[in-house]
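Examining the three-dimensional arrangement
Okay, here's what each chain looks like letter by letter:
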Amino acid sequence: MSGNPEAKHGSARRARVVVVGGGLAGLECATALAGHGVDDILVLEAGPGEDLDHIHRAYSRERASEMVFAPEGDPYFHRPWSSRTRPHYTGISGLRRRLGGRSLYWHGVILPLEDWALREPWWPAAVVTDLTTGHRGGPSLYEQVTADLLEWSGAPAGDAAGPGTRRFGGRSFLPLPRACRAVPGGDRWEAYTPLERWRDGDGRVAPPPGIGVRCGTDVLAVEVRGGRARGVVIGDGAGGTRTIAADTVVLCAGTVESTRLAVQALTVAGVLREPRLGGLADHIVQGFVVRLPSGGPPPGSFYVPTSPATRSYLRMDVTPDGPGACLLDVRITGEQLPDERSAVECRPSAAFPWPTRVRTGLGTEDRQLVAAQRQVLRDFWRAAAPEVGVRARPLEFTAFGDADRDNTRVLPGRTRRQPVGRPETWTSLLGTEDHEGGSLPLGRVLTPRHEFAGLPGLYAAGPAVFPRLGAANPSLTTIALSRRLAAILAAGPR
Ligand SMILES: Cc1cc2nc3c(=O)[nH]c(=O)nc-3n(C[C@H](O)[C@H](O)[C@H](O)COP(=O)(O)OP(=O)(O)OC[C@H]3O[C@@H](n4cnc5c(N)ncnc54)[C@H](O)[C@@H]3O)c2cc1C
């Protein structure tokens, strides 16, 4: 993919809608807004906009994995916060600062949030109805977005991820639904990005009419006057700042950055007692990886739907590893519950951006979930190992938060050296699953219309707005809610 999406608005001083952040949520929201006929939308993106390929299109599997798990090799990796609870929110936890954001890195897993998570008092009823029942007289947002993404992927209608349920290790695995497609002429693939909807027949990428894009523009603050958001503050390139005025500002800068901008704005507006917002959560994920000699399950990605008892779902990825052999990567993904003590905190200072720190930790129920997940993994391996002719060595885990046994253990350079049949366990550090969210919840910090309850004119999208995460990967819901917000803004005030 190539092009110059910054064709217009290079030095605009005013826009009807300013979208802060050109990643998954920001680009989806802007594109949907333009689709509703709204014009004068300006996307401000901190990173560059020349390199618009998904990493699995641009690089080999091994190199793409290294960019994710050894991010010092990724020129776009950037972490604008520090952690008060290291090692969580360190290591691979950070932004990928470029137009497209993490939509150029994600694996395309699209699962809806579970009924047990999408319920009151957590999620507002109006939002749940739009997601699951029907949106503005049409199908539900989940139905619409899933259909669009599967069509883009080239999957047959109604077929989420290829054929076949697999029975393995005493479990029935379903194909994992993914918004991905093969790149012709090789073994590479790409996942959906909203930039795909900007691509013309020649492969050039340009924003649709109504959208301007300004890359290399770090938004320092939201402009607040008279108790409402009036625009954004950016650098002027000469050490000073200048304002871009807007009727509406939408924060889509990733969870921690959007929350940093919100904390600043709400503090300036006098509606926050302390410069912090709680509720920050990530998924709790652990697993094991094992090389199998032969007779393993067929290649592909499979999952067992969530069990409400563990608030987690089990996933298995099988990759060929030499003749007849395979690499089995098993992980269980569960919900860290929102907690006011897990927070994004700012230190007010003379200039923006205010220094930002992240704090997190496990509550009692989260710790129980960690133990329950480990039991699921042990039971699964005990049943699976004999099926593939391997001795079921017990899975050993170290303490939660052990930086020496985190999710970087799945790097190809490590797994290649692993003895056949010997599973290696790992547990992700919080903030390193790239699923962080929850600090700007709909129905509390935001109204059910995505507007800040304490600051009219300011809106947000992305996993930050989830009142609780559930176990499912966030992006199907992120895309759906970005489209929901666009429809609300296009319809105007009620
Ligand atoms: C390797 C990997 C695999 C993943 N796989 C999946 C998956 O299979 N399924 C799933 O559901 N999710 C997956 N995710 C998570 C998913 O990609 C993220 O949840 C999603 O991209 C978040 O969207 P966002 O718009 O909030 O943030 P981002 O996509 O990160 O976009 C934020 C954008 O804002 C810009 N920005 C930040 N600060 C500023 C500022 N101050 N001014 C201007 N611009 C700014 C950034 O540069 C960035 O472009 C994966 C993520 C990674 C990294």
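See the structure printed just above.
Structural notes, computed from the coordinates.

**A short note on the pattern of salt bridges**
- Taken as a whole, this structure holds 28 salt bridges when the rule is applied.
- Salt-bridge contacts for Asp74 lead to Arg96; the nearest nitrogen and oxygen are separated by 2.9 Å. Placement of the pair is Asp74 in the loop between α3 (61–69) and β3 (77–78) and Arg96 in strand β5 (residues 95–96), with a sequence separation of 22 residues.
- Between Arg84 and Glu345 there is a salt bridge, and its shortest N-O distance comes to 3.4 Å. Linking Arg84 in the loop between β4 (82–83) and β5 with Glu345 in strand β19 (residues 343–346), this pair joins segments that are 261 residues apart in sequence.
- By relative accessible area, Glu345 is classed as buried at 12%.

**Comments concerning the sheet that holds β19**
- In space, the four strands of this open sheet follow the order β4-β20-β19-β14, with mixed pairing throughout. Two strands bound the open sheet, and with one partner strand each, they are β4 and β14 (276–278).
- In this sheet, strand β20 (residues 356–359) lies alongside β4 in parallel orientation, the contact comprising two bridges. When the sheet's bridge partners are listed, Ser83 is paired in β20 with Val358.
- Running at roughly 50° to β19, helix α6 (residues 255–268) makes contact with β14, β19 and β20 of the sheet.

**Considering the site of the ligand**
- The environment of the ligand is formed by 35 residues, the closest being Ala25, Glu45, Arg102, Glu257 and Ser475.
- Contact distances for the ligand include 3.1 Å between a nitrogen atom and a backbone N or O atom of Ala46.
- At a separation of 3.4 Å, an oxygen atom of the ligand approaches a polar backbone atom of Asp434.
- Counting only elements with at least two residues in the shell around the ligand, the list comes to α1 (24–35) and α6.
- Taken together, the residues of the shell around the ligand break down into 15 nonpolar, twelve polar and eight charged.

**As for the packing of α1 against helix α9 (residues 475–491)**
- Closest axis-to-axis distance for the α1/α9 pair is 8 Å, and the angle between their directions is 40°. α1 and α9 meet at a crossing whose hand is right-handed. Where α1 approaches α9, its residues Leu24, Ala25, Glu28, Cys29, Ala32 and Leu33 are matched on the opposing element by Ser475, Thr478, Ile479, Ser482, Arg483, Leu485, Ala486, Leu489 and Ala490.
- Split into classes, the residues belonging to the contact of α1 with α9 amount to ten nonpolar, three polar and two charged.

**Describing the packing of aromatic side chains**
- What the rule picks out here adds up to seven aromatic pairs.
- With a centroid separation of 5.6 Å and 50° between ring planes, the pair formed by Trp123 and Phe466 is classed as tilted. Here Trp123 is found in the loop between β5 and α4 (125–132), whereas its partner Phe466 is found in the loop between β22 (458–460) and α9, with 343 residues between them in sequence. Accessibility assignment for this pair places Trp123 and Phe466 in one class, buried.
- Geometrically, the ring pair formed by Trp152 and Tyr192 is edge-to-face, given 5.9 Å between the ring centres and 80° between the ring planes. Separated by 40 residues along the polypeptide, Trp152 in helix α5 (residues 141–153) and Tyr192 in the loop between β9 (189–191) and β10 (211–214) bring together distant segments of the chain. You'll find Trp152 and Tyr192 in the same group, each marked buried.
- Taken together, Phe168, Phe173 and Phe380 form an aromatic cluster joined through their ring pairs.

**Observations regarding the nonpolar core**
- Trp123, Leu251 and Phe452 are the most contacted members of the largest nonpolar core, which has 71 residues in total.
- It is α5 that contributes the most residues to this core, six residues altogether.
- Non-local contacts of Leu251, meaning those with residues more than four positions away in its chain, are made with Val20, Val222, Ser258, Leu261, Ala262, Phe452, Leu458, Tyr459, Ala460 and Ala461.
- Core analysis: the second largest hydrophobic core is formed by 40 residues, Tyr76, Ile211, Val250 and Trp426 among them.

**As for the sheet that holds strand β6 (residues 166–168)**
- With antiparallel pairing, the seven strands of this open sheet are ordered in space as β6-β7-β16-β17-β18-β15-β21. Strands at the two margins of the open sheet, each flanked by one partner only, are β6 and β21 (424–427). Adjacent strand axes in the sheet meet at a mean angle of 25° when their direction is disregarded.
- Across the face of the sheet, helix α7 (residues 364–387) comes into contact with β6, β7 (171–175), β15 (283–292), β17 (312–320), β18 (326–335) and β21 while running at roughly 20° to β15.

**A word on α7**
- Over its 24 residues, α7 runs 36 Å from end to end, which matches the ideal 34 Å to within 8%, given 1.5 Å per residue.
- Along α7, the residues that are buried comprise Asp366, Leu369, Val370, Gln373, Arg374, Val376, Leu377, Phe380, Trp381, Ala384 and Ala385.
- Next to the buried residues of α7 lie β6, β7, β15, β17, β18 and β21.
- Looking at the residues trailing α7, positive phi occurs at Gly389, about 70°.

How each quantity is defined
Residues numbered from 1 in each chain as written. Predicted model: local features only at pLDDT ≥ 70, side-chain atom pairs only at ≥ 80, totals over all residues. Heavy atoms only, no water. Salt bridge = Lys/Arg side-chain N within 4 Å of Asp/Glu carboxyl O. Helix = DSSP H or I, 4+ residues; strand = E, 2+ residues; numbered from the N terminus. Buried < 20%, exposed > 50% of the residue type's maximum accessible area, 1.4 Å probe, protein only. Pairing = 2+ DSSP bridges. Contact = heavy atoms within 4.5 Å. Axes fitted to C-alpha atoms, helices over the stretch in contact; angles between N-to-C directions. Near = heavy atom within 4 Å. Polar contact = N/O pair within 3.5 Å; in protein donor to acceptor, adjacent residues only side chain to side chain. Nonpolar A, V, L, I, M, F, W, Y, C, P; charged D, E, K, R; others polar. Left-handed = near helix turned anticlockwise from the far one by under 90°. Phe/Tyr/Trp six-rings, centres within 6.5 Å; stacked < 30°, edge-to-face > 60°. Core = buried A, V, L, I, M, F, W, Y, C linked by side-chain atoms within 4.5 Å. Expected span 1.5 Å × (residues − 1).

Any functional reading would require information that these geometric values do not contain.
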